[in-house]
Amino acid sequence: MVKVIHVIGGGLAGSEAAWQLAMAGVPAVLHEMRPLRKTEAHQTGALAELVCSNSFRSDDWTSNAVGLLHEEMRRAASLVLDAGDQHKLPAGGALAVDRDGFAGEVTRRLEGHPLVHVAREEIDGLPPADWDSVIVATGPLTSPSLAKAIQSLTGEAELAFFDAIAPIVHRETIDMSVCWLQSRYDKAGPGGGSADYINCPLDQAQYDAFIDALIAGEKTAFKEWEASTPYFEGCLPIEVMAERGRETLAHGPMKPVGLSNPHRPGVRPHAIVQLRQDNALGTLWNMVGFQTKLKHAEQVRIFRTIPGLEQAEFARLGGLHRNTFLNSPVLLDASLRLKAHQRLRFAGQITGVEGYVESAGIGLLAGRFAAAERLGESLSPPPPTTALGALLAHITGGHLSNEAVRSFQPMNVNFGLFPPLAAQPKRAKGERGSRTLARKHALALRALADLDRWLKRGTSIAAE
């Protein structure tokens with residue numbers, strides 16, 4: 001019999017890691033403290049619960065690095081991507097999911113697998129010594145006792161930042177005589193057509209008043225120990241962006257490009273607030289890019305000044321949660337093991353990746369590495385030319401040129417992490433599009449070819 005491997009944390013990374021172990025024939029115990037112990041951000045006891053957005057972002061593998069990561073994970077028999085595909089919602093070019101259907105699917109598949117045991121319990125310190133192979137995937141809300149135990153092994157000071165959660169609005173309370181349905185540039189995506197977002201237009205005066213309200217609005221007070229904790233740049237609260245410059249939002253999540261208001265043809269809004277479908281029924285819509293640390297009463301007051309949301313009722317208001325991550329380039333080896341204590345592997349956001357799919361992708365790799373080790377097989381890391389390999393190289397090999405400067409920060413997958421092409425691609429005669437798009441397409445084609453070769457060489461992990 002193959003000895004069990006323990007996975008701590010039933011989020012996206014831990015769920016994916018346990019699935020990959022089981023698919024390799026290695027028994028897994030998945031330890032999840034919810035619902036016995038709740039967190040600041042979770043609302044259910046389901047595995048892989050999505051606590052912020054319901055979007056896995058772009059699904060276009062030809063020109064977008066996260067879309068490429070989607071495709072690579074599909075080819076690697078990812079549970080997270082399979083469940084996402086089964087519960088996708090209209091979202092233009094993005095892969096958005098019904099959060100309850102998605103989490104329920106992941107939970108059902110894992111609880112029903114004969115090689116997976118889901119243990120509802122908290123691991124409140126270092127795992128027992130007789131657990132000789134452990135994947136720690138405790139995510140952004142690692143319990144203080146476990147974080148302190150990890151710190152005692154590494155000698156590294158704890159690093160943390162804040163993620164912010166966007167509000168969700170009841171669809172029936174949105175005024176569609178003001179708003180309209182349209183995806184940016186009418187782009188269709190995996191879950192729907194070209195009209196997947198509700199758009200709320202603001203003219204210059206409305207936008208200026210909105211910015212003033214955001215800046216002046218009462219914010220959540222930080223505890224003393226939280227005051228010096230930095231935000232992650234990819235998930236800034238909307239009022240923090242507003243404080244960086246009055247037009248920052250109009251060039252960011254509220255940019256009006258690629259959209260036209262059918263209620264006022266020929267009049268271009270100064271800014272637009274977009275809402276994206278959040279559940280399969282279409283009754284809940286989340287405010288895209290509207291993560292916030294405003295107090296709840298202030299959110300209701302200020303967001304109801306947005307045209308079309310004057311009567312909005314909120315199913316959930318925005319908030320903050322704390323995120324902890326390791327200084328992974330110093331602490332982890334190329335197979336995600338803790339150098340100081342190699343029975344421990346790490347996966348997900350705690351390793352310094354940001355984003356749902358990135359977290360699950362590192363969980364996928366951790367599960368495959370642990371399975372190969374348990375089975376006595378050799379599994380090399382995926383090539384750095386792939387999205388999975390580029391992410392792994394970033395968190396295990398990045399920022400080592402000057403270890404005295406601790407510049408390592410969480411990162412979304414992007415083509416800047418990929419090794420450059422040997423030669424710049426040329427567009428075919430008559431082909432439209434920029435050289436940048438041609439380069440991204442060439443990087444993606446190279447990545448998928450290299451991934452397929454890596455999967456053939458690796459351990460045999462087949463789909464269910």
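So, here is what we can say about the structure in this document.

## Notes on the side chain of Glu71
Looking at the secondary structure, you find Glu71 in helix α2 (residues 65-75). Here Glu71 is in contact with Trp61 and Leu448, once residues within four sequence places are set aside.

## Description of unusual backbone geometry
The phi angle at Ala48 is positive, at roughly 55°, despite the residue not being glycine. If you trace the backbone, Ala48 turns up in the loop between β2 (28-32) and β3 (55-58). Unlike most non-glycine residues, Arg57 shows phi in positive territory, near 70°.

## Overview of helix α1 (residues 12-23)
In a regular helix each residue adds 1.5 Å, so 12 residues correspond to 16 Å; α1 covers 16 Å between its end C-alpha atoms and thus fits that length. Burial runs high along α1: 12 of the 12 residues are buried. Burial in α1 covers these residues: Leu12, Ala13, Gly14, Ser15, Glu16, Ala17, Ala18, Trp19, Gln20, Leu21, Ala22 and Met23. Within two residues after α1, Gly25 carries a phi angle of roughly 90°, on the positive side.

## Some points on the sheet that holds strand β14 (residues 314-316)
Judged by pairing direction, the sheet is antiparallel, and its 6 strands sit side by side in the order β10-β11-β12-β13-β9-β14 without closing on themselves. The open sheet has two free edges, formed respectively by β10 (180-181) and β14, since each of these has just one partner strand.

## Here we look at the packing of aromatic side chains
Within this structure, the stated rule accounts for 6 aromatic pairs. Their ring planes at 85° and their centres at 5.5 Å tell us that Phe56 and Phe102 sit as a pair that is edge-to-face. Of this pair, Phe56 sits in strand β3 while Phe102 is found in helix α4 (residues 99-111), placing the two residues 46 residues apart along the sequence. Look at Phe56 and you get buried, because its relative accessible area is 0%.

## Re the side chain of Glu239
Turning to its location among the elements, Glu239 is positioned in helix α7 (residues 238-243). Of the side chains bearing the opposite charge, Lys293 lies closest to the buried Glu239, which forms no salt bridge; the N-O distance is 4.8 Å. Polar side-chain contacts of Glu239 include one of 2.9 Å to the side chain of Thr292. Apart from the residues lying within four places of it in its own chain, the contact partners of Glu239 are Leu214, Lys219, Gln291, Thr292, Lys293 and Leu294.

What counts and how
Residues numbered from 1 in each chain as written. Predicted model: local features only at pLDDT ≥ 70, side-chain atom pairs only at ≥ 80, totals over all residues. Heavy atoms only, no water. Helix = DSSP H or I, 4+ residues; strand = E, 2+ residues; numbered from the N terminus. Contact = heavy atoms within 4.5 Å. Expected span 1.5 Å × (residues − 1). Buried < 20%, exposed > 50% of the residue type's maximum accessible area, 1.4 Å probe, protein only. Pairing = 2+ DSSP bridges. Phe/Tyr/Trp six-rings, centres within 6.5 Å; stacked < 30°, edge-to-face > 60°. Lys, Arg positive; Asp, Glu negative; His and termini not counted. Salt bridge = Lys/Arg side-chain N within 4 Å of Asp/Glu carboxyl O. Polar contact = N/O pair within 3.5 Å; in protein donor to acceptor, adjacent residues only side chain to side chain.

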